[in-house]
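Residue-level structural notes
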Amino acid sequence: MQHTVNKTPSESSVEMTELVLPNDTNQLGNLLGGRLMHWIDIAAALVAMRHSGRVCVTASVDEINFFEPIKIGHVVTLQAMVNRAFTTSMEIGVRAWREDPLNNSRIQTSKAYLTFVAIDNYGKPLPVPQLSPVTENEKRRYEEAALRREQRLKHRELLQTMRLGEQAS
Ligand SMILES: CC(C)(COP(=O)(O)OP(=O)(O)OC[C@H]1O[C@@H](n2cnc3c(N)ncnc32)[C@H](O)[C@@H]1OP(=O)(O)O)[C@@H](O)C(=O)NCCC(=O)NCCS
């Protein structure tokens, strides 16, 4: 069943804030990458569920970058939104910002793209509403998400072909 009402990115976007505590860090007092990935996954899952109105699962995390370290005592803000909805899947983009609350400095530390799929009670994929980007940035992200999906599918197909070739030889 195809949804007839499109949704805008801002209808499901999420901003999430976390304080980096000792249990989140390594011996140098830097935030663990795995903890940040967990927060990114949660923020993206909230967006996917808001957009689709369904339970959603992480299908893949295609790209995740850590540009700068984040220290104990910093505040991490995650901004997440749907870049594009396909049939049952959605690409969610997440950006993370580090803020030192003692001097108000704020810089972007991470960027990630995740694919979520809406599912029913049996784990079967379900159609999601299409996305109508409004702002210039949303339109750019919408176009770029299609390119990333194309690359992702081509990459998967190429690997499958290579493996089949290896098995046959
Ligand atoms: C994601 C999942 C629901 C896909 O189910 P499936 O039966 O393979 O579904 P399909 O092949 O029909 O694909 C459904 C959609 O998922 C997308 N998809 C499937 N695997 C994908 C992957 N690895 N990366 C990106 N997208 C993927 C397909 O492109 C398709 O998108 P579309 O409908 O928008 O075109 C299934 O693989 C699953 O449940 N995985 C485990 C998810 C999970 O538990 N995540 C948490 C990790 S602990």
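Data block above holds the structure.
Note that the coordinates shown come from a computational prediction; the quantities given were computed from them, not determined experimentally.

This part is about the site of the ligand. Ser 60, Phe 86, Thr 87, Thr 88 and Ser 89 are the nearest of the 13 residues found near the ligand. Broken down by secondary-structure element, the contributors of at least two residues to the shell around the ligand are β2 (55-66) and β5 (105-119). Along the lines of polarity and charge, the residues of the shell around the ligand split into six nonpolar, seven polar and no charged.

Moving on, we come to the nonpolar core. Side chains that are nonpolar tend, in soluble globular proteins, to be buried together. Ile 40, Ala 44, Ile 92 and Val 94 are the most contacted members of the largest nonpolar core, which totals 29 residues. Put simply, the parts of the chain that give this core at least two residues each are α1 (33-52), β3 (75-85), β4 (89-100) and β5. The dominant element in this core, judged by the number of residues it contributes, is α1, at seven residues. Those residues within four positions of Ile 92 in sequence are excluded, and the remaining contacts are Ala 44, Val 47, Ala 48, Ala 80, Val 82, Asn 83, Leu 114 and Phe 116.

Let us now look at helix α2 (residues 136-168). Think of an α-helix as 3.6 residues a turn; residues three or four steps apart then line up on the same face. An ideal rise of 1.5 Å per residue puts 48 Å on 33 residues; α2 measures up with 49 Å between its terminal C-alpha atoms. Of all 33 residues making up α2, only two are buried, and the element is barely covered by its neighbours.

The subject of this paragraph is α1. Here α1 contains 20 residues, and its C-alpha end-to-end distance of 28 Å stays within 8% of the 28 Å for a straight helix at 1.5 Å per residue. Considering only its buried residues, α1 is in contact with β1 (14-19), β2, β3, β4 and β5. Phi turns positive, to about 70°, at Gly 53, one or two residues after α1.

Here we take up the sheet that holds β2. Two modes of strand pairing occur in sheets, parallel and antiparallel, and in both the strands are linked by backbone hydrogen bonds. The five strands are arranged β1-β3-β4-β5-β2 in an open sheet whose pairing can be described as antiparallel. In the strand order of this sheet, the two ends are held by β1 and β2, each with one partner. Neighbouring strand axes in the sheet, compared pairwise and without regard to direction, differ in orientation by 25° on average. Direction of pairing for β2 relative to β5: antiparallel, over a ladder of 10 bridges. Residue pairing across strands places Thr 58 opposite Phe 116, the latter belonging to β5. Along the sheet, α2 makes contact with β2, β3, β4 and β5, crossing β3 at roughly 75°.

Locating Asn 6 in the fold gives a position in the segment before β1. Judged by the 12 C-beta atoms lying within 10 Å of it, Asn 6 falls in the exposed class. Separated by 126 residues in sequence, Asn 6 and Ser 132 have C-alpha atoms that sit 6.0 Å apart. With residues up to four places along the chain from it excluded, the contact list for Asn 6 reads Pro 129, Gln 130, Leu 131 and Ser 132.

So, how was this worked out
Residues numbered from 1 in each chain as written. Predicted model: local features only at pLDDT ≥ 70, side-chain atom pairs only at ≥ 80, totals over all residues. Near = placed C-beta within 6 Å. Helix = DSSP H or I, 4+ residues; strand = E, 2+ residues; numbered from the N terminus. Nonpolar A, V, L, I, M, F, W, Y, C, P; charged D, E, K, R; others polar. Core = buried A, V, L, I, M, F, W, Y, C linked by C-beta atoms within 7 Å. Buried ≥ 20, exposed ≤ 12 C-beta atoms within 10 Å, placed from the backbone. Contact = placed C-beta atoms within 7 Å. Expected span 1.5 Å × (residues − 1). Pairing = 2+ DSSP bridges. Axes fitted to C-alpha atoms, helices over the stretch in contact; angles between N-to-C directions.

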